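Here is how the chains run, residue by residue.
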Amino acid sequence: MGERIHERKKIPDEEIEERFHDLGPEALPAGFYLVRPDGKFLLASKPVRKMLNLPENGNPKGSIADYYVNPDLRETLLREAEEMEAKGKCLRKNKVEFKVKRENGESKVIVQMFCKPLRDGEGFVVGYYGCLVDRTKEHKLQNRVNELALDIGRVTHYNSTTLQMLEKALRPTLDFIARSLGMHLKAVVTTEPDVILEKYANRLIKALSKLISESEKDDWARGALLDLQWEFLEQSIQRLKTYRDETPLKEVHAGVLRLLVDDIRDRLNKIRPGRLPRAVVKDAYRATDELELATLLVPLLNSYVAVKQMEPTLSALRDFLTTGMREEEPQEEISVLERVTQAIKNMEGFADSRGVEIRLKNLCGAVEPKVWGRKRELLRAISNIVHNAVKYTWHRSRGKMPWVGVTIECDSPYPKEVRIAVENWGVPIPEDEYETIFEIGYRGRLATDRYRMGTGIGLADAKRVLKDHGGDIKVESRPAAYQERDKNSPDYYDQAFLTKFEVVLPFAFMPRGSHLEGKRIFGEGSCYFYDTRGSAFTVSNPTLISILASAFHSNATFLQMLEKTLRHTLGFIARSLGMKFKAAVTTEPDIILEKYANRLIRALDKLISESEKDDWTRGALLPLQWDFLEQSIQRLNTYHDEISVKEVQASFLRHLADDIRDTLNRTRPGRLPRAVVKNAYRAIDELEQATLLAPLVNSYVAVKQMEPALSALRDFLTTGAREEEPLEEISLVELVTRAAENMSEFADSRGVEIRLRNLCGGTDPKVLGKRRDLLRAFSNIIHNAIKYTWRRGRGKMPWVGVTIECDAPYPTEVRVTVENWGVPIPEDEYETIFEIGYRGRLATDRYRMGTGIGLADAKRVLKEHGGDIKVESRPAAYQERDKASPDYYNQPFLTRFALTLPLGGHNGKIRSAQKDAVD
Amino acid sequence: MGKFAQRKRMLWIEDGKRFELVEQMAPAYYSGEYILHLAEDVVDGINHLRSAESGGKPYDVVIVDIRLPPGEDKVWYDLYKRTIHSQVESQLGLILLYWLFEKDLKGNLADFRRPGNPRAGKDIEERLTELKHSGVTPPNVEKKTVAVYTVEHPPLVCPHLNYLGIEVYAQKTIDTPDDILLKLARAVEGEIDGFQCPKIEAGKFWVGGENV
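Each value, and the rule that gives it
- Residues numbered from 1 in each chain as written.
- Chains lettered and ligands numbered in written order.
- Predicted model: local features only at pLDDT ≥ 70, side-chain atom pairs only at ≥ 80, totals over all residues.
- Heavy atoms only, no water.
- Helix = DSSP H or I, 4+ residues; strand = E, 2+ residues; numbered from the N terminus.
- Buried < 20%, exposed > 50% of the residue type's maximum accessible area, 1.4 Å probe, protein only.
- Contact = heavy atoms within 4.5 Å.
- Areas by Shrake-Rupley, 256 points an atom, 1.4 Å probe, with all protein chains shown as cover.
- Patch = residues over 30% accessible without salt bridge, like charges linked within 9 Å, V, L, I, M, F, W, Y side chains within 5 Å.
- Salt bridge = Lys/Arg side-chain N within 4 Å of Asp/Glu carboxyl O.
- Lys, Arg positive; Asp, Glu negative; His and termini not counted.
- Charge placed at Lys NZ, Arg CZ, Asp CG, Glu CD.
- Axes fitted to C-alpha atoms, helices over the stretch in contact; angles between N-to-C directions.
- Parallel < 35°, antiparallel > 145°, perpendicular 65-115°, else oblique.
- Left-handed = near helix turned anticlockwise from the far one by under 90°.
- Nonpolar A, V, L, I, M, F, W, Y, C, P; charged D, E, K, R; others polar.
- Polar contact = N/O pair within 3.5 Å; in protein donor to acceptor, adjacent residues only side chain to side chain.
- Core = buried A, V, L, I, M, F, W, Y, C linked by side-chain atoms within 4.5 Å.
- Pairing = 2+ DSSP bridges.
- Expected span 1.5 Å × (residues − 1).
- Arc of directions from axis to C-beta.
- Disulfide = S-S within 2.5 Å.
- pLDDT = per-residue confidence, 0-100.

1. Here we look at the overall build of chain A
Helices and strands together make up the secondary structure of chain A, namely 26 helices and 23 strands. In chain A, which comprises 919 residues, the share counted as buried stands at 53%. In chain A, 72% of the contacts between residues at least 6 apart in sequence involve partners at least 24 apart. Within the structure as shown, chain A displays about 43600 Å² of accessible surface, and the carbon and sulfur contribution to it stands at 50%.

Next comes the structure, spelled out in structure tokens:
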């Protein structure tokens with residue numbers, strides 16, 4: 001630098017001006033411009049020339065006015081520039097859209113513009129000058145962040161849908177299991193799981209002991225099983241007595257007992273018939289089933305609670321993500337009591353699932369507390385706090401109901417502010433965390449206590465909303481016992497704490513100041529949200545992304561738990577119905593329902609015909625009740641026609657089965673043959689189980705399906721970038737086989753067969769490309785085909801065909817077709833389904849979920865490799881229905897995705913395509 | 001009795017096991033092959049490892065999660081708090097493994113960057129230095145007894161595990177078998193294959209640069 005100064009000094013003064021003229025102001029490294037009032041360029045420095053594709057040297061022809069995307073904008077900006085000049089400032093616009101003509105068409109450039117009028121000695125405007133900075137890249141980045149947020153919003157939305165479905169599947173299953181064990185669901189929620197397990201373990205001990213003692217009567221009875229098998233049953237009794245000591249962790253007891261029950265049932269199945277009293281063997285089986293049901297109860301209940309808990313967490317996350325993209329909510333006067341009541345109502349389901357009671361007290365007397373603000377935001381904030389309190393409430397000993405207290409207080413008869421206190425008894429919050437728990441992404445160090453999940457967003461969001469409303473929130477947490485333990489004792493935080501969140505909000509008539517004057521802020525390199533207070537609430541990308549990644553992390557393990565619970569429950573119900581797990585998952589639910597509906601029809605028919613024998617038997621029920629049973633037979637025959645939506649049929653039949661059971665419960669004993677009544681009850685139970693099967697299967701498939709989308713998103717969020725992959729020669733047969741293998745698990749869960757064919761003869765077509773990208777593309781397409789395959793009638797396996805074809809004996813191109821039989825793709829969507837975020841309008845058919853990313857990603861990858869994907873979808877039947885008919889799209893379609901790729905090394909097509917893509 | 005005498009010892013350091021992962025413990029208990037001990041945070045894990053060492057009964061298998069809460073200890077809590085906004089970055093399980101096996105870090109972790117966090121490797125170095133200054137010495141654990149079982153996918157953890165020489169790894173996914181703990185234990189004991197971390201070299205794997 002010093003040398004240059006020295007050099008500059010050497011230039012004679014008279015030369016400097018000359019040199020400057022030679023160089024010209026165009027040489028300035030900043031994007032400087034000078035235009036005439038009509039916009040014609042007088043000067044443009046190199047960056048501006050490059051930005052606007054002006055000639056590198058010479059006179060910059062053209063007018064800046066021609067570059068504006070919105071031609072009227074220039075006039076407005078010039079006026080603003082003159083107004084700013086009057087204030088001694090220059091105009092600064094962060095986002096002005098320009099259109100620039102280039103050799104390959106027109107492109108959009110987003111510029112940051114600084115502008116000032118240039119005046120002559122008399123004060124007339126002779127031009128305008130300033131700087132242009134190219135901000136296209138930053139805006140693209142911003143758009144990508146927004147797109148990502150939308151993607152995440154979409155995934156969380158599908159997540160919520162699945163959760164709702166799960167809730168619908170789990171609740172009746174829980175009801176059924178509880179009833180089978182002679183319990184009410186409420187009792188199940190509040191009883192320690194271990195007590196239930198112990199009861200049924202003892203019952204099985206008794207049944208097995210009876211069996212063994214029967215076997216000891218003589219050799220004939222003893223011969224019912226091999227000695228080794230009797231020994232196993234004896235050991236099992238021992239294990240049923242000692243499982244608690246073997247597995248110190250209570251939570252594992254159910255799993256261990258389930259494995260034991262499986263083994264015991266295996267041995268019971270080996271009993272030779274006729275050697276032991278039937279009733280004793282039957283009782284052992286029943287006790288085995290009951291214990292298995294009890295072991296299912298606990299994980300089902302945990303899953304149910306988790307689902308209930310996830311729902312508000314996810315919707316808060318979704319709300320949080322979309323706040324910045326939503327229309328601003330109007331401000332109004334809001335009743336605090338109404339909002340608090342609504343928030344409690346929102347949380348009732350969750351509280352119920354955890355057996356927690358929410359107690360509301362309004363201590364404001366005749367005063368009706370009102371605040372000024374945004375209804376939806378306040379509701380979210382209060383709901384978050386109540387949700388938090390319910391979540392971190394501990395179960396108390398038997399007979400004591402856990403609770404959350406919500407109290408509304410006014411500070412005087414003429415209050416200036418209203419207080420909402422939300423109190424619970426449970427997980428402590430250490431004093432040094434009183435502030436930090438309101439920080440975004442922060443989760444209290446004891447917050448993971450007892451397996452609770454969360455995102456660390458709820459409280460931070462609540463605080464922000466309350467501050468926006470001129471209020472605040474504080475927390476205090478103290479040991480609940482009178483006799484406090486020593487603070488330094490290691491078990492100080494093991495005791496229950498009383499935790500109180502106190503919200504303060506100003507009354508509506510108080511001066512509001514400017515705290516709700518909303519404005520949108522723009523954060524470069526950050527996600528932006530509404531900043532309603534003027535103070536920034538931006539979340540930098542890494543922070544936001546890691547919060548989201550954490551949320552999806554919880555989700556991943558949560559899905560693992562759900563998968564196992566659903567699989568075990570499904571296994572049990574399928575076995576009770578005499579079906580194999582695979583058959584239960586693959587058979588169309590309607591077929592199963594129909595089978596058991598018909599079985600119940602037969603059982604009720606038999607009952608009615610028995611009743612018609614004489615007045616004595618007819619008197620088993622009132623005429624009205626017999627009428628009801630006859631009507632029920634009618635409804636069981638016609639439910640298909642009554643209810644067109646298949647998914648509703650199961651729930652309808654469940655309710656009908658319930659009513660039929662109620663009626664049968666009124667049967668006077670001794671009037672009808674016992675076996676006939678018993679058979680009717682069994683048929684009701686079986687139909688009920690069949691109705692549970694369909695939603696459980698749907699949930700199971702949905703959970704299986706949710707994982708790939710979630711884990712892809714999570715991995716992207718955690719790592720932030722994709723791998724840099726080298727180009728290599730890849731065997732297409734190997735690649736496609738691998739993709740099919742990747743999807744085989746998912747195909748299995750849906751009972752779909754993948755049929756792979758290679759029609760390229762003996763050749764092994766090779767392509768040059770990125771292995772992982774191509775694998776993902778093929779996997780996506782196959783995944784898609786499986787997802788949208790319909791299940792077929794009994795005996796017909798649903799399938800997805802994957803075929804590799806070469807176009808000639810010396811092929812230049814290879815084609816892979818992926819075909820399925822199922823959900824149609826309308827012709828007008830052949831192109832659009834490949835657009836990012838687009839989901840076919842029939843794609844939501846039968847609860848299938850997706851993000852609208854898979855196909856777009858696959859197309860991009862194929863294009864990068866010089867190939868393409870096309871789709872065609874036609875009715876599968878020979879006799880096509882009329883296109884105009886309303887049920888045209890209700891028939892199955894054959895859908896074929898054709899993926900083409902140029903063969904490796906051939907005329908360098910891929911390489912150049914790759915190069916373009918990299919450029 | 002004979003079976004009990006032969007039982008091996010397994011430690012699982014994992015905070016989700018009581019709830020989401022509870023079903024995965026039953027086969028380990030039921031098999032009767034292992035005495036399974038459980039630790040729910042880093043400090044709990046260290047205490048278990050220390051008492052095993054002092055009792056002369058080291059664990060045959062130690063299964064470690066990557067995202068772990070710190071537990072009640074100021075040093076570990078402070079380390080956790082530094083990256084409190086991000087469970088992804090806190091990765092206390094990873095810090096625990098470095099502390100156990102690379103306390104006096106000889107290598108340079110600068111290459112372990114990610115576009116989301118170019119300082120990811122440096123951050124581990126700094127936190128290890130803090131641990132070193134705390135003066136607490138790590139318990140002795142044999143590296144070959146360790147397996148990692150985490151939600152994190154291979155690109156995020158395997159460069160570290162390769163560096164540390166920890167060979168057995170499994171990712172938690174929806175399709176993880178119920179008896180995964182037994183499988184990992186067998187992999188640690190060299191009885192079965194299929195649980196190796198892919199060889200991923202740090203620094204060459206990720207594109208540096210812009211952060212989306």
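The structure having been displayed, the exposition proceeds.
2. Regarding the overall build of chain B
When helices and strands are tallied, chain B shows nine helices and five strands. Listing each helix as α and each strand as β along chain B from the N terminus yields α-β-α-β-α-β-α-α-α-α-β-α-β-α. Counting over 212 residues, chain B shows a buried share of 59%. Of the contacts made within chain B by residues no fewer than 6 positions apart, 72% connect residues no fewer than 24 positions apart. A total of about 8300 Å² of accessible surface is found on chain B, and carbon and sulfur atoms cover 50% of it.

3. Here's the deal with helix H8 (residues 154–164) of chain B
Working note: α-helix, 3.6 residues per turn, so residues spaced by three or four point in the same direction. Residues and elements named next belong to chain B. Of all eleven residues in H8, nine are buried, a share of seventy percent or more. Of the residues making up H8, those classed as buried are Pro154, Pro155, Leu156, Val157, Cys158, Pro159, His160, Leu161 and Leu164. Where H8 terminates, the next one or two residues include Gly165, which has phi positive at roughly 80°.

4. Considerations on a positive patch on the surface
Residues and elements named next belong to chain A. Residues Arg278, Lys282, Arg674, Lys678 and Arg682 make up a contiguous surface patch of positive charge. Contributing elements (two or more residues each) for the positive patch: helix H11 (278–322) and helix H21 (674–719). Top contributing element to the positive patch by residue count: H21, with three residues.

5. Some details on the packing of helix H24 (residues 771–787) of chain A against helix H25 (residues 854–864) of chain A
Residues and elements named next belong to chain A. Relative orientation of the contacting elements H24 and H25 amounts to 140°, with a least axis distance of 9 Å. As summarised for this structure, H24 and H25 are arranged oblique, according to the angle between their axes. Taken as a pair, H24 and H25 cross one another with a handedness that is left-handed. For the pair H24 and H25, the contacting residues are Asp773, Leu774, Arg776, Ala777, Asn780, Ile781 and Asn784 in the first and Gly854, Leu855, Asp857, Ala858, Arg860, Val861, Leu862 and Glu864 in the second. In terms of residue class, the contact of H24 with H25 is made up of seven nonpolar, three polar and five charged.

6. Things to note about the side chain of Ser477(A)
All names here are of chain A. Along the chain, Ser477 turns up in strand S11 (residues 472–479). Look at Ser477 and you get buried, because its relative accessible area is 4%. Here Thr499 takes part through its side chain, which lies 2.8 Å from a polar atom of the side chain of Ser477. Residues within four places of Ser477 in sequence aside, it is in contact with Pro428, Ile429, Tyr434, Phe497, Leu498 and Thr499.

7. As for the nonpolar core
Formed by 138 residues in total, the largest nonpolar core has its most connected members in Leu211(A), Leu240(A), Leu636(A) and Met25(B). Ranked by residue count, the leading element in this core is H11(A), at 15 residues.

8. Concerning the sheet that holds strand S9 (residues 403–410) of chain A
Residues and elements named next belong to chain A. Spatially, the five strands line up as an open sheet ordered S7-S9-S10-S12-S11, and their pairing is mixed. In this open sheet, the two edge strands, each paired with only one partner strand, are strand S7 (357–362) and S11. Here the strands of the sheet are splayed against their neighbours by 15° on average, with no regard to which way each runs. Here S11 pairs with strand S12 (residues 497–506) via eight bridges, running antiparallel. Within S12, the residue paired with Pro479 across the bridge is Phe497. Packing against the sheet, helix H13 (residues 375–391) makes contact with S7, S9, strand S10 (417–426), S11 and S12, and its axis sits at approximately 25° to S10. Contacts from helix H14 (residues 458–468) reach S11 and S12, with the element oriented near 135° to S11.

9. Observations regarding helix H4 (residues 73–86) of chain A
Residue and element names in this part refer to chain A. The first and last C-alpha atoms of H4 sit 20 Å apart over 14 residues, in line with the 20 Å expected at 1.5 Å per residue. Burial in H4 covers these residues: Arg74, Leu77, Leu78 and Ala81. One side of H4 carries all its buried residues, which in axial view fall inside an arc of 100°. Those residues of H4 that are buried are in contact with strand S1 (32–35), strand S3 (91–102), strand S4 (105–119) and strand S5 (125–134). Within two residues after H4, Gly88 carries a phi angle of roughly 80°, on the positive side.

10. A look at the state of the cysteines
Residue and element names in this part refer to chain B. Considering all chains together, one arrives at two disulfides over all chains under this definition. A sulfur-sulfur distance of 2.0 Å marks the disulfide that ties Cys158 to Cys197. Every disulfide takes its handedness from the sign of the S-S torsion; for Cys158 and Cys197 that torsion is -80°, giving left-handed. Pair noted here: Cys158 is in helix H8 and Cys197 is in the segment after helix H9 (180–188), with a separation of 39 residues, a long-range link.

11. A short note on the pairing of S10(A)
Residue and element names in this part refer to chain A. The element S10 is extensively covered by neighbouring structure, given that seven of its ten residues are classed as buried. Where S9 and S10 come together, seven bridges link them in antiparallel fashion. Residue pairing across strands places Glu409 opposite Arg419, the latter belonging to S10. Direction of pairing for S10 relative to S12: antiparallel, over a ladder of ten bridges. Residue pairing across strands places Glu423 opposite Lys500, the latter belonging to S12.

12. Considerations on the environment of Gln229(A)
Residues and elements named next belong to chain A. Relative to the elements of secondary structure, Gln229 occurs in helix H9 (residues 227–246). Counting along the chain gives 42 residues from Gln229 to Ile271, while the straight-line C-alpha distance between them is 9.4 Å. In this structure, Gln229 is in contact with Arg267 and Lys270, ignoring residues within four places of it in sequence.

13. As for the side chain of Ser63(A)
Residue and element names in this part refer to chain A. Here Ser63 shows up in the loop between helix H3 (46–52) and H4. Since its relative accessible area comes to 8%, Ser63 is described here as buried. Polar side-chain contacts of Ser63 include one of 3.3 Å to the backbone oxygen of Gly39. When neighbours within four sequence positions are excluded, Ser63 is seen to be in contact with Asp38, Gly39, Lys40 and Phe41.

14. Comments concerning a negative patch on the surface
A grouping of Asp605(A), Glu612(A), Asp627(A) and Glu630(A) is seen on the molecular surface, where their side chains present a negatively charged patch. Mapped onto the elements, Asp605(A) comes out in helix H17 (residues 589–611).

15. Focus: the pattern of salt bridges
All names here are of chain A. This model, assessed by the stated rule, comprises 52 salt bridges over all chains. The residue Glu476 makes a salt bridge to Arg478 at a minimum N-O spacing of 3.5 Å. Taken together, the salt bridges that share partners define one network made up of Arg179, Asp658, Arg661, Asp685 and Glu688.

16. Concerning the confidence of the model for chain A
All names here are of chain A. The predicted model of chain A averages 78 in pLDDT, with 75% of residues at 70 or higher. Within the model, the stretch residues 1–8 combines pLDDT values under 50 with zero contacts to residues more than four positions away or in other chains. Low pLDDT (under 50) marks residues 720–724, which in the prediction has 17 contacts with non-local residues, meaning those over four places away or in another chain.

17. Considering the sheet that holds strand S22 (residues 868–875) of chain A
All names here are of chain A. Read from one edge to the other, the open sheet built from five strands follows the order S18-S20-S21-S23-S22, with strand pairing classed as mixed. Sheet topology places strand S18 (753–758) and S22 at the edges, where each strand pairs with a single neighbour. On average, adjacent strands in this sheet sit at an angle of 15° to one another, irrespective of strand direction. As paired elements, S22 and strand S23 (residues 893–902) share eight bridges and run antiparallel to each other.

18. Details of the packing of H13(A) against H14(A)
All names here are of chain A. At a closest axis distance of 9 Å, the pairing of H13 and H14 adopts a crossing angle of 140°. In terms of orientation, H13 lies oblique with respect to H14. Crossing of H13 against H14: the hand is left-handed. For the pair H13 and H14, the contacting residues are Glu377, Leu378, Arg380, Ala381, Asn384, Ile385 and Asn388 in the first and Gly458, Leu459, Asp461, Ala462, Arg464, Val465, Leu466 and Asp468 in the second.

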